[in-house]
Amino acid sequence: MHRLSLAAALLHPSQLRAALRPHRGGPSTRDSLGGALRCGASVALAFLLVAAIGRHDLAGYASLGALASLYGRSSGYAWRLRLMALVGGALSAAVVAMSALAAAGAPVAAELAVLTLLAAGATAGAVALRTGPPGATILVFAAGAGTAAAAGADDVLARGLAVAGGALVACLVCNAGWVLDRGRGLPTEPAPRVRDVVRAGTAGGAALSPTVSVAVAAALAGSVAAAAGWGHPAWAVMGAAAVLQGAHVRHMGVRALQRAAGTAAGVAIALPLLGADLPFWAVAALVVALQTATELVVARHYGVAMLTITPMALLMTSLGAPLDPARLALDRALDTAAGAVVGLVVAVLAARPEHAAPPHATAPASAPATSPTPSPATSPSGQ
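Cut-offs and rules
Residues numbered from 1 in each chain as written. Predicted model: local features only at pLDDT ≥ 70, side-chain atom pairs only at ≥ 80, totals over all residues. Heavy atoms only, no water. Helix = DSSP H or I, 4+ residues; strand = E, 2+ residues; numbered from the N terminus. Rg over C-alpha atoms; globule rule 2.2 N^0.38 Å. Buried < 20%, exposed > 50% of the residue type's maximum accessible area, 1.4 Å probe, protein only. Contact = heavy atoms within 4.5 Å. Areas by Shrake-Rupley, 256 points an atom, 1.4 Å probe, with all protein chains shown as cover. Lys, Arg positive; Asp, Glu negative; His and termini not counted. Charge placed at Lys NZ, Arg CZ, Asp CG, Glu CD. Patch = residues over 30% accessible without salt bridge, like charges linked within 9 Å, V, L, I, M, F, W, Y side chains within 5 Å. Salt bridge = Lys/Arg side-chain N within 4 Å of Asp/Glu carboxyl O. Phe/Tyr/Trp six-rings, centres within 6.5 Å; stacked < 30°, edge-to-face > 60°. Lys NZ or Arg CZ within 6 Å of the ring centre and 35° of its normal. pLDDT = per-residue confidence, 0-100. Core = buried A, V, L, I, M, F, W, Y, C linked by side-chain atoms within 4.5 Å. Axes fitted to C-alpha atoms, helices over the stretch in contact; angles between N-to-C directions. Parallel < 35°, antiparallel > 145°, perpendicular 65-115°, else oblique. Left-handed = near helix turned anticlockwise from the far one by under 90°. Nonpolar A, V, L, I, M, F, W, Y, C, P; charged D, E, K, R; others polar. Expected span 1.5 Å × (residues − 1).

Chemist: Mind showing me how you'd approach the overall build of the protein here?
Modeler: When helices and strands are counted, the protein shows 16 helices and zero strands. Since a compact globule built from 383 residues should have a radius of gyration of about 21 Å, the 20 Å found for the protein is in line with a globular shape. Principal-axis analysis of the C-alpha atoms gives the protein an extent of 60 × 55 × 35 Å. Evaluated residue by residue, the protein yields a buried proportion of 52% over its 383 residues. Of all intrachain contacts in the protein linking residues separated by at least 6 positions in sequence, the fraction that spans at least 24 positions is 83%. Here the protein has roughly 15700 Å² of accessible surface; of this, 70% comes from carbon and sulfur atoms. The centroid of the 24 positive side-chain charges in the protein is displaced by 13 Å from the centroid of its 14 negative side-chain charges.

Chemist: Help me understand a nonpolar patch on the surface in this model?
Modeler: Where nonpolar side chains cluster on the molecular surface, the patch consists of L208, V212, V216 and L220 and spans about 350 Å² of accessible area. Within the element layout of this structure, V212 appears in helix α11 (residues 208-228). Looking at V212, the relative accessible area reads 44%, which means it is partly exposed.

Chemist: Would you mind going over the packing of aromatic side chains with me for this structure?
Modeler: Each aromatic ring pair is summarised here by two numbers: the centre-to-centre distance and the angle between the ring planes. Scanning all chains against the criterion turns up three aromatic pairs. Between F47 and F280, the aromatic rings sit 6.0 Å apart at their centres with planes inclined by 70°, giving edge-to-face as the arrangement. Taken as a pair, F47 in helix α3 (residues 29-52) and F280 in helix α14 (residues 280-297) lie far apart in primary sequence, 233 residues in all. For F280, a relative accessible area of 13% puts it in the buried group. Ring geometry for Y77 and W178: centres 6.4 Å apart, planes at 10°, overall stacked. Note that Y77 is positioned in helix α5 (residues 77-103) and W178 in helix α9 (residues 176-183), a separation of 101 residues in sequence. For Y77, a relative accessible area of 25% gives the class partly exposed. The rings of F47, F280 and W281 are connected pair by pair, giving a single aromatic cluster. Positioned over the ring face of W235 is R332, at 5.1 Å from the centre of the ring.

Chemist: Before we go on, may I ask you to explain the confidence of the model for the protein in this structure?
Modeler: Low-confidence regions, as indicated by low pLDDT, have predicted coordinates that should not be scrutinised in detail. In this model, the protein carries an average pLDDT of 87, and 90% of its residues clear a pLDDT of 70 or more. Here residues 358-383 scores under 50 on pLDDT; set against residues more than four positions off or in separate chains, the count is 85 contacts.

Chemist: Can you walk me through the nonpolar core in this structure?
Modeler: In summary, soluble globular proteins display a tendency toward joint burial of nonpolar side chains. Among the nonpolar cores identified, the biggest contains 87 residues, and F47 and V287 are the most heavily contacted of them. A per-element tally of this core places α5 first, with nine residues. Apart from the residues lying within four places of it in its own chain, the contact partners of F47 are A59, S63, F280, A284, V287, V288 and L319. Judged by nonpolar contacts, the second largest core, of six residues, contains A242, V298, Y302 and A305.

Chemist: Mind showing me how you'd approach the environment of S69 here?
Modeler: Tracing the chain through its elements places S69 in the loop between α4 (59-66) and α5. Each residue touching S69, except ones within four places of it in the same chain, is listed here: C39, S42, M84, A170 and C174.

Chemist: So what exactly am I meant to see when it comes to the packing of α5 against α9 here?
Modeler: Helix-helix packing is characterised by the crossing angle of the two axes and by the distance between the axes. One way to put it is that α5 packs onto α9 with a least axis distance of 10 Å and a crossing angle of 150°. Classified by the angle between their axes, α5 and α9 sit roughly antiparallel to one another. The two elements α5 and α9 meet at a crossing, and its hand is left-handed. Residues Y77, A78 and L81 of α5 pack against G177, W178 and D181 of α9. Residue classes in the contact of α5 with α9 are distributed as four nonpolar, one polar and one charged.

Chemist: Help me out: how do you make sense of α5 in this one?
Modeler: The periodicity of an α-helix, 3.6 residues per turn, causes residues three or four positions apart to be oriented the same way. Helix length check: α5 (27 residues) gives 38 Å between terminal C-alpha atoms against 39 Å at 1.5 Å per residue, within 8%. Directly beyond the C-terminal end of α5, a positive phi value near 70° is found at G105.

Chemist: How should the packing of helix α12 (residues 233-243) against helix α16 (residues 325-350) be read in this particular structure?
Modeler: Interaxial distance between α12 and α16 falls to 7 Å at its minimum, and their mutual angle equals 40°. In terms of their interaxial angle, α12 and α16 are classed as oblique. Remark: the crossing between α12 and α16 carries right-handed chirality. Listed contacts from α16 to P233, W235, A236, M238, G239, A240 and V243 of α12 are L328, D331, R332, D335, T336, G339, A340, G343 and L344. Classifying every residue of the contact of α12 with α16 by side-chain character gives nine nonpolar, four polar and three charged.

Chemist: Got a minute to help me understand the pattern of salt bridges in this structure?
Modeler: Side chains that differ in sign of charge can pair as their charged atoms come close. Per the stated rule, a full pass over the model turns up six salt bridges. When the shortest N-O distance is used, the salt bridge between E295 and R73 registers 3.0 Å. Taken as a pair, E295 in helix α14 and R73 in the loop between α4 and α5 lie far apart in primary sequence, 222 residues in all. Judged by relative accessible area, which is 4%, E295 ranks as buried. A salt bridge links D155 to R159, with the shortest nitrogen-to-oxygen separation between them at 3.9 Å.

See below:
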């Protein structure tokens, strides 16, 4: 019965009103600006890194590694560095695994199976390490990028190294203040042990329910997108995983609305950019600007952030190989909408009565997709 009530609540006009409202909480403008600038600088330097070795085709992978800068931003430097290193390693491994399948000519079913396992594993890891948003979505995006056609083992290795290089750049940029603090003799906060964080994050089986939900939603969303013939089923998997990060089911409904509608509008922005045949440095500058803008607005409104996330993701995808702009944009819109719907259906079916928001509650306008992460020693997972 509670599932029918949830379904009715998700169709209530209050859901649309909640999706339109900005989020009133979240980090201060100063904190958002600092995180945005560090992330933008990391992505920019990652582009410079691949340009310096003459491998523009690896720019998208290097910039994916630089997105490790989204994790641990409000934690102490010691834990931030440790967490970013773990994320960077996971991103590299995901890209290598999917690229190896692509190079071997594996069938779509095999790619989706591995992608589902990666999405579930990333979800479990995000809960266990208490990363907070963006949780598993960045790893799923990276894994999806790895499904692009690969020429052979050398190409697979090059992609993995590019991601690792981008993550290393992010670690250096985001922890430069640690060196300055130590130089001034300022005390630094020690990092908790990883096993202690994992023990706290998984207490009471906290990782089980979200991991199973994401695994089921990932398998279903990817299968729907593949069966429909859309070219990037990994985006459907990512859409489902992103929706399931909501605090409760009604909040997930708000995220689904914001993600689907924001992506559709973002596709309209991306189309002329993709069709303009921009030179490498113009694309690089746009990606950096869009990533920085995303970090400034995402904590206030997830749907508005999709207006910058969508063209940024499509531009990054286009760097690897020339693709039909219209088909790429359409795939993004359809895959994202399918993933959002599947994720929401799974959330309703998996919901227990105590996890449903009270009938009079209003779902938050948006959970910051990349909001600063609380201290792992004292805060919940942020899912």
